[in-house]
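Architecture at a glance
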Amino acid sequence: MIDIHYSAEVRAAKDAGQPIVALESTIITHGMPYPQNIEVAAQVEQDIRDAGAVPATMAVIEGKLHVGLEPEQLQWLGQAQGVAKISRADMAACMSTGGTGATTVAATMIAAHYAGIEVFATGGIGGVHQGAETTFDISADLHELGHTPVTVVAAGAKAILDLAKTLEVLETLGVPVIAHGQDEFPAFWSVKSPFAAPLRMDSADAIAKAHATRRALGLPGGQLVANPIPAADQIPAEELAPIIAQAQSDADAHRITGKAVTPYLLQRIFEKTNGRSLIANIALVRNNARLAARIARALVQQG
Ligand code: PSU
Ligand code: MN
């Protein structure tokens, strides 16, 4: 038995059967610069409350799995040095050795499922990196979506990835990829990518029903809800393309590999867009949090 530490708010919501939305913490520790990371983390939690659900930010602190962080823990995590980035491969080791780590999409899904939470909001999932045919850099997030029954709301996959290959792998793993309110798969900072999403749904209710139907069928694995960034906040794909290409070639030149790739690329793009990428990132995460709250509410209402 794992000794889970619930925040007071999540514990009360569980007892009352209220809708809960899981949130990851790698976006706080490795995805956004301080101090915006802390402001965004608190804001996204509030967005979920305002939409009628309860936020559960996940992290491992000194070996203990936390489902929901108290406000001061969230503040602390956003400034702490040397916090690990934990995915499926390192989660148990981090806990068993008393370590402290922020959860990626994969680790957050594991924690959410363990705690009985079925809906999770993030920015963008990890995926197949450009050049994966030589580096084999494919995020464990994709496999987790194939294994663990949590609906993940993201703004598609980050445009730093190879979106065509990411969609192919998701199909291979049997993951429903559902675009919300449009036909195209969104590209994180941009509303649209050149790729059609395999599925489209236009309401939280429909997405919740699809989730419940998979559960009734006993299917392992989750759904990816691809929710486009609000149009007013997007950075057009053609504007971003040369910046992403430059960031990728910088990463190659500096031989950045493994877990360091995604944080490095996000930081370079932040610098090269003079912070605009972060403003868009914040807008899309908040938009995903609001949709996830509606899906979680629909799931509770449907019973
Ligand atoms: N979404 C964001 N910013 C992030 C991430 C997602 O808007 O920093 C993180 C997530 O935690 C995701 C991770 O799981 O990046 C993917 O890392 P990798 O490519 O190493 O699997
Ligand atoms: Mn990787």
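Before any of the text, the structure's been laid out above.
Residues numbered from 1 in each chain as written. Chains lettered and ligands numbered in written order. Predicted model: local features only at pLDDT ≥ 70, side-chain atom pairs only at ≥ 80, totals over all residues. Heavy atoms only, no water.

**What about the overall build of the protein chain?**
Tallying secondary structure elements over the protein chain gives 13 helices and 11 strands in all. The C-alpha atoms of the protein chain give a radius of gyration of 18 Å, which matches the 19 Å a tight globule of 303 residues would have. In terms of its C-alpha atoms, the protein chain occupies a principal-axis envelope of roughly 50 × 40 × 35 Å. A total of 303 residues make up the protein chain; the buried ones form 55% of that total. Surface accessibility of the protein chain: about 12700 Å² in total, with carbon and sulfur atoms responsible for 55%. If the 22 positive side-chain charges of the protein chain are averaged to one point and the 30 negative ones to another, these points end up 2 Å apart. (Helix = DSSP H or I, 4+ residues; strand = E, 2+ residues; numbered from the N terminus. Rg over C-alpha atoms; globule rule 2.2 N^0.38 Å. Buried < 20%, exposed > 50% of the residue type's maximum accessible area, 1.4 Å probe, protein only. Areas by Shrake-Rupley, 256 points an atom, 1.4 Å probe, with all protein chains shown as cover. Lys, Arg positive; Asp, Glu negative; His and termini not counted. Charge placed at Lys NZ, Arg CZ, Asp CG, Glu CD.)

**Side note on the site of ligand 1**
Inspection of the region around ligand 1 gives 19 residues, with Glu24, Lys85, Ser139, Asp141 and Thr262 positioned closest. Here glycine 124 contributes a backbone N or O atom positioned 2.9 Å from a nitrogen atom of ligand 1. Asparagine 281 has a polar side-chain atom sitting 3.3 Å from an oxygen atom of ligand 1. Taking 480 Å² as the accessible area of ligand 1 by itself, protein coverage stands at 94%. Looking at the shell around ligand 1, the elements with two or more residues in it are α2 (26-31) and α12 (261-272). No other element matches the three residues that α2 contributes to the shell around ligand 1. Residues from two domains meet in the shell around ligand 1; each of domain 1 (1-117) and domain 2 (118-303) gives at least three. (Near = heavy atom within 4 Å. Polar contact = N/O pair within 3.5 Å; in protein donor to acceptor, adjacent residues only side chain to side chain. Domains from an automatic or database assignment.)

**A few points about the pattern of salt bridges**
All chains considered together, the criterion is met by 16 salt bridges. Linking aspartate 162 and lysine 165 is a salt bridge whose minimum nitrogen-to-oxygen distance equals 2.8 Å. On the basis of relative accessible area, aspartate 162 is assigned to the buried category, the value being 16%. Aspartate 250 is the partner of lysine 272 in a salt bridge, and the nearest nitrogen-oxygen pair spans 3.8 Å. (Salt bridge = Lys/Arg side-chain N within 4 Å of Asp/Glu carboxyl O.)

**Looking at the packing of aromatic side chains**
In this structure the tally under the stated criterion is one aromatic pair. Its guanidinium or amino end placed over the ring of phenylalanine 188, lysine 158 lies 5.6 Å from that ring's centre, counting from NZ or CZ. (Phe/Tyr/Trp six-rings, centres within 6.5 Å; stacked < 30°, edge-to-face > 60°. Lys NZ or Arg CZ within 6 Å of the ring centre and 35° of its normal.)

**Here's the deal with the environment of isoleucine 279**
Tracing the backbone through its elements, the reader meets isoleucine 279 in helix α13 (residues 276-302). Note: C-alpha distance between isoleucine 279 and glutamine 234 (45 residues apart in sequence) is 9.2 Å.

**Structural notes on helix α11 (residues 237-253)**
Relative to the 24 Å expected for 17 residues at 1.5 Å per residue, α11 spans 24 Å between its end C-alpha atoms, a close match to the ideal helical length. All buried positions along α11 are accounted for by Leu240, Ile243, Ile244, Ala247, Gln248, Asp250 and Ala251. Along the axis of α11, the buried positions cluster into a sector of 155 degrees, meaning they face one direction only. More than 90 degrees from the buried face of α11, the exposed residues found are Glu238, Pro242, Asp252 and Ala253. As for α11, its buried residues are in contact with α12. (Expected span 1.5 Å × (residues − 1). Arc of directions from axis to C-beta. Contact = heavy atoms within 4.5 Å.)

**Regarding helix α4 (residues 71-79)**
Those residues of α4 that sit buried are Leu74, Leu77 and Gly78. Looking straight down α4, one finds its buried side chains confined to an arc of 100 degrees; they lie on one side. Residues of α4 that are buried sit in contact with α2, α3 (36-50) and β3 (54-61).

**A look at unusual backbone geometry**
Backbone torsion omega between tyrosine 34 and proline 35 reads 5 degrees, so that peptide bond is classified as cis. Considering the arrangement of structural elements, one finds proline 35 in the loop between α2 and α3. At phenylalanine 136, a position not held by glycine, the phi torsion is positive, near 60 degrees. In this structure, arginine 255 is a non-glycine residue whose phi angle is positive, near 50 degrees. With respect to the helices and strands, the residue arginine 255 is situated in the loop between α11 and α12.

**Here's the deal with the nonpolar core**
One broad rule of soluble globular proteins: the nonpolar side chains tend to lie buried together. If you look at the biggest cluster of nonpolar residues, it comprises 102 residues, and the most contacted ones within it are Trp189 and Leu224. No other element matches α13, which puts 12 residues into this core. Formed jointly, this core draws a minimum of three residues from each of two domains, domain 1 (1-117) and domain 2 (118-303). Filtering out sequence-adjacent residues up to four positions away, leucine 224 remains in contact with Ile125, Leu145, Val152, Ala154, Leu170, Val175, Pro176, Val177, Ile178 and Phe185. (Core = buried A, V, L, I, M, F, W, Y, C linked by side-chain atoms within 4.5 Å.)

Spatial relationships are all this shows, so hold off on functional conclusions.
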